[in-house]
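Close look at the chain arrangement
Spelled out from the first residue to the last, the chains are:
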Amino acid sequence: MSPLAAKRPSMNRSPVGSGGGGGEAAWGLRFWWPQEQPTDRNQGEMAHTCRGTINLSTAHIDTEDSCGILLTSGARSYHLKAGSEVDRQQWITALELAKAKAVRVMNTHSDDSGDDDEATTPADKNELHHTLKNLSLKLDDLSTCNDLIAKHGAALQRSLTELDGLKIPSESGEKLKVVNERATLFRITSNAMINACRDFLELAEIHSRKWQRALQYEQEQRVHLEETIEQLAKQHNSLERAFRSAPGRPANPSKSFIEGSLLTPKGEDSEEDEDTEYFDAMEDSTSFITVITEAKEDSRKAEGSTGTSSVDWSSADNVLDGASLMPKGSSKVKRRVRIPNKPNYSLNLWSIMKNCIGRELSRIPMPVNFNEPLSMLQRLTEDLEYHHLLDKAVHCTSSVEQMCLVAAFSVSSYSTTVHRIAKPFNPMLGETFELDRLDDMGLRSLCEQVSHHPPSAAHYVFSKHGWSLWQEITISSKFRGKYISIMPLGAIHLEFQASGNHYVWRKSTSTVHNIIVGKLWIDQSGDIEIVNHKTNDRCQLKFLPYSYFSKEAARKVTGVVSDSQGKAHYVLSGSWDEQMECSKVVHSSPSSPSSDGKQKTVYQTLSAKLLWKKYPLPENAENMYYFSELALTLNEHEEGVAPTDSRLRPDQRLMEKGCWDEANTEKQRLEEKQRLSRRRRLEACGPGSSCSSEEEKEADAYTPLWFEKRLDPLTGEMACVYKGGYWEAKEKQDWHMCPNIF
């Protein structure tokens, strides 16, 4: 871009048009606008073209009197004089338009000069970029003309006001002359505005027709694609009918085939039919395929296959209807629905974590900036948000049907983690958290931190609807540089009192990605096996890890519910952050082995029923740590809780209020107090003790208050189970046995 320049050559007089270029003035200065600029000249060369040059992009234009113009550029000033006021206004209009154009072109050149990839973009993108640039320039011209019209219109209005106030006839002639000149200026500017509008409209119409043709082409392509898909669907249906009617083949009532796992690469053709195509599963995929059938069609068993005698949802299955639509209980106590918004504090996580690669995450001192205002005990209690699934499971008469609801409950506990990338507070040793919600949720829950290294929490839940749940979870976490792996260790027990069904399962692995760069996100992966130790029914759940190259939806979960004989009854599918469905199996058969020897099971099922669906997040959840409705109430102050309750933890309360600096100070005080207590316990475990390590000494020296270590007869592991006494102490408000940890 070359700036508009003013030189001092000839004295020819020529008015300047509204375009701002190509004319010579009466005062002996020549202005011009170069339309094309050689690409081999940089901006520094343009700024030093020749002596007397004025860069209009940085110049200031002003008026001195009725015919004078003051042009200022840096330390230099030019006093120019026109023949009349009309001539002066024409030049001011032209110079202002040229200045605006000079600024635009300079900015455009600056943007283009820094884009090294512009030359490598496709031609259509260049054309679109050029078109948008032209439209933008024309629109800026319209804006400049609009400002000029507004200015000249105001001047004309002032002149008319002065004319109305005249009393002496001799002054009327001069004032009328001024009014006439201003009206002429207004007309000239209006004409320039109209011309700019016409140019803009013509350019828009030309490219509008081109874009219309492109849109029409895309619509035709879409119609063609839809017709092709419809034709393929008809051919597929025809092949299915031909396969079913083939002699010696069992009838196949399936209407559509749905892949129940990650099935991407092609496998070998089936030995049953050369046109039937099977697929090899990826390493982390499930090894089965789901086939949906009509509920009213008959099911026939193929030779060497297994099936069920019923081909429709039975009356016993009706308990699964609306399992996810249970209304939330109404509480007599009004719970809070919001917390203070999260402050916008910036802190570099990598500056803290770079020296901690390979260390246990619980041993890394972290400021509250990376926390959320809940403790790990409260996060553990959040697993009960969809407790209604277990309340519904109490009424199941079939153990495999009950297993479906238990599996949905186990998956639902991960739904709150999808946006929750912040770290919960590590509980202090002896810290507790109670959830007394018999009135609306029908349950009582108690958690206690029973070990600090490694961090371990014991949890017990009693429901008045006829079930109880207990677990001891030890969090093992490692920082790997790019991601953090969180591995909950320990078994979860669930028992239904009426039926005696006792379920046991373990949690999957959670991974937080993009620790160094990028947006943090969390994923769940691994297998979960749920076992009913009374009937030996099993449910195999697989959490598929996210892969950029996978065709499957993110956060997918699949599973199969089978009885003690290994016979499949239900197929589960869904995602751990949204919903889970179950489909009743009416027929199962093995497929042909693939090239690597792997073999899938094909399950023919009825249409799916919804087991569980996630509740929507509260309004403004993104500013409240993405807390759910239950999570918002967990740290709400309650009277009568134990002095060790997480609600009374001062650093956590300060963080919730937004006082993060004070919270960090308080967190350091609590950690130092805990370290002092730990040293005293280790010193109490003398040299003659059987403890061989510091962790064993600590475990031997500390005794949980509400839980006790027992041998789990089902898993063969030592675990903390509830020994009673907490709710009785709460009723009496007798907390003398509680340690002073805060």
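Throughout this description, residue numbers start from 1 for each chain and increase along the sequence as written. Where totals are concerned, whole chains, interfaces and linings use all residues; where local detail is concerned, this predicted model gives features only for residues with pLDDT of at least 70, and gives and counts side-chain atom pairs only at 80 or more. Hydrogens and water molecules were not included; the side-chain quantities draw on all heavy atoms of the structure.

If you look the protein up in an unreviewed UniProt entry, it shows as Oxysterol-binding protein from Theropithecus gelada. Its UniProt record gives the protein the following Subcellular location (unreviewed entry) comment, quoted word for word: "Membrane". UniProt positions are given in the numbering used here, feature names are shortened, and annotations may be inferred rather than shown by experiment. Per UniProt, the protein carries the Sequence similarities (unreviewed entry) text "Belongs to the OSBP family."

To continue, consider the overall build of the protein. Helical segments are the DSSP runs of H or I of at least four residues, strand segments are the runs of E of at least two, and each set is numbered from the N terminus. For the protein, the helix and strand inventory stands at 13 helices and 29 strands. The rule is simple: take the accessible area with a 1.4 Å probe, protein chains only, and divide by the maximum for that residue type; under 20% is buried, over 50% is exposed, in between is partly exposed. The buried share among the 742 residues of the protein stands at 45%. Every accessible area reported is derived by Shrake-Rupley at a probe size of 1.4 Å, with residue values counting cover from the shown protein chains alone. For the protein, the accessible area works out to roughly 38,600 Å², and carbon and sulfur atoms hold 52% of it.

It is worth spelling out the pattern of salt bridges at this point. Whenever a carboxyl oxygen of Asp or Glu lies within 4 Å of a side-chain nitrogen of Lys or Arg, that contact is scored as a salt bridge. Evaluated as defined, the whole model comprises 27 salt bridges. Note that Arg-647 is salt-bridged to Asp-645, the shortest N-O span being 2.9 Å. Take Arg-647: its relative accessible area is 2%, and that puts it in the buried class. Where salt bridges share partners, they join Arg-335, Glu-638, Asp-645 and Arg-647 into one cluster.

On to the environment of Gln-733. If you trace the backbone, Gln-733 turns up in the segment after helix H13 (726–732). Looking at Gln-733, the relative accessible area reads 42%, which means it is partly exposed. Sequence separation between Gln-733 and Ala-642 is 91 residues; the distance between their C-alpha atoms is 8.3 Å. For the purposes of these results, a polar contact is taken to be a pair of N or O atoms within 3.5 Å, where, inside protein, one atom must be able to donate a hydrogen and its partner to accept one; residues adjacent in sequence count only when each atom of the pair is a side-chain atom. Of note is the side chain of Gln-733, whose polar atom sits 2.9 Å from the backbone oxygen of Gly-640.

With that settled, consider the nonpolar core. Within the largest apolar cluster, 69 residues are counted, with the highest numbers of intra-cluster contacts made by Trp-467, Leu-494, Trp-505, Ile-530, Leu-541 and Leu-572. Among the elements that line this core, the one with the most residues is helix H8 (residues 399–412), at 9 residues. Whether two residues are in contact is decided by their heavy atoms: any pair within 4.5 Å suffices. In contact with Leu-494, other than residues within four places in its own chain, are Leu-390, Val-406, Trp-467, Ser-468, Leu-469, Asn-501, His-502, Tyr-503 and Trp-505. Here the nonpolar core consists of buried residues drawn from Ala, Val, Leu, Ile, Met, Phe, Trp, Tyr and Cys, with membership extended through side-chain atoms lying within 4.5 Å. Counting 13 residues, the second largest nonpolar core, distinct from the first, contains Ala-642, Tyr-722, Trp-735 and Cys-738.

Strand order in the open sheet formed by 3 strands is E3-E4-E5, with antiparallel pairing between adjacent strands. In this open sheet, the two edge strands, each paired with only one partner strand, are strand E3 (60–63) and strand E5 (76–81). Averaged over all pairs of adjacent strands, the angle between their axes in this sheet comes to 20°, without regard to strand direction. Pairing between strands is defined by DSSP: at least two bridges between them are needed. In terms of strand pairing, E3 meets strand E4 (residues 68–73) through 4 bridges, oriented antiparallel. The residue bridging His-60 from the neighbouring strand is Thr-72, located in E4. Note on definitions: angles span 0 to 180 degrees between N-to-C directions of axes, and those axes are lines fitted to C-alpha atoms, for helices only across the stretch in contact.

On the secondary structure map, Asp-523 appears in strand E21 (residues 521–532). Within the local environment of Asp-523, its side chain forms a polar contact with the backbone nitrogen of Tyr-546, the two atoms lying 2.8 Å apart. Every residue in contact with Asp-523, bar those within four places of it in the chain, is listed here: Thr-509, Ser-510, Thr-511, His-513, Pro-545, Tyr-546 and Trp-576.

With that out of the way, let us pick up unusual backbone geometry. In this structure, the amide linkage connecting His-453 to the following residue, Pro-454, adopts the cis form with an omega of 0°. Within the secondary structure, Pro-454 sits in the loop between strand E14 (443–451) and strand E15 (456–463). Non-glycine residue Asn-536 carries a positive phi angle of around 65°. Checked against the element boundaries, Asn-536 lands in the loop between E21 and strand E22 (538–543). With phi around 55°, Gln-733 is a residue other than glycine that occupies positive phi space.

Take Ser-583: it is sitting in strand E25 (residues 579–590). Sequence separation between Ser-583 and Tyr-570 is 13 residues; the distance between their C-alpha atoms is 5.4 Å.

Here the distance between the centres and the angle between the planes together describe a pair of aromatic rings. Working definition: rings of Phe, Tyr and Trp (its six-membered ring) pair if their centres are within 6.5 Å, and the pair is stacked with planes under 30 degrees apart, edge-to-face with planes over 60 apart, and tilted otherwise. As enumerated under the stated definition, the model contains 12 aromatic pairs in all. A ring pair is formed by Tyr-460 and Tyr-722, whose centres lie 5.0 Å apart and whose planes are at 15°; its orientation type is stacked. Linking Tyr-460 in strand E15 with Tyr-722 in strand E29 (residues 718–722), this pair joins segments that are 262 residues apart in sequence. Relative to Trp-727, the ring of Tyr-726 has its centre 5.0 Å away and its plane inclined at 85°; by these criteria the two rings are edge-to-face. Per residue, the accessibility class of Tyr-726 equals that of Trp-727, and both read buried. Site record: aromatic cluster; members linked through ring pairs are Trp-706, Tyr-726, Trp-727 and Trp-735. Lysine and arginine charges are scored as sitting over a ring when NZ or CZ, respectively, is within 6 Å of the ring centre and within 35 degrees of the ring normal. Over the aromatic face of Tyr-414 sits the side chain of Lys-507, whose NZ or CZ is 5.2 Å from the ring centroid. Over the ring of Trp-576 we find Arg-555; its NZ or CZ atom is 5.9 Å from the centre of that ring.

The next point concerns the pairing of E25. Inspection of the sheet shows strand E24 (residues 568–575) paired to E25 by 6 bridges, in the antiparallel sense. Residue pairing across strands places Leu-572 opposite Cys-582, the latter belonging to E25. Here E24 folds back onto E25, and the loop between the two strands holds 3 residues. Note: E25 against strand E27 (residues 609–613), 4 bridges, orientation antiparallel. Of the residues in E27, the one forming a bridge with Glu-581 is Leu-610. Relative to strand E26 (residues 601–605), E25 runs antiparallel, the two being bridged by 5 bridges.

What follows deals with H8. Residue pairs three or four apart in sequence face the same way in an α-helix, which turns once every 3.6 residues. By definition here, a helix of n residues has an expected span of 1.5 Å times n minus one. The first and last C-alpha atoms of H8 sit 20 Å apart over 14 residues, in line with the 20 Å expected at 1.5 Å per residue. The buried fraction of H8 amounts to 14 of the 14 residues, a majority that puts the element mostly inside the structure.

Turning next to the confidence of the model for the protein. As a per-residue measure, pLDDT reflects the predictor's confidence and takes values from 0 up to 100. When pLDDT is averaged along the protein, the result is 76; 71% of the residues meet or exceed 70. A low-confidence stretch, residues 1–48 stays under pLDDT 50, and its non-local contacts, those more than four residues away or across chains, total 102 contacts. Throughout residues 296–311 the model reports pLDDT below 50, and contacts reaching past four residues in sequence, or to other chains, amount to 30 contacts.

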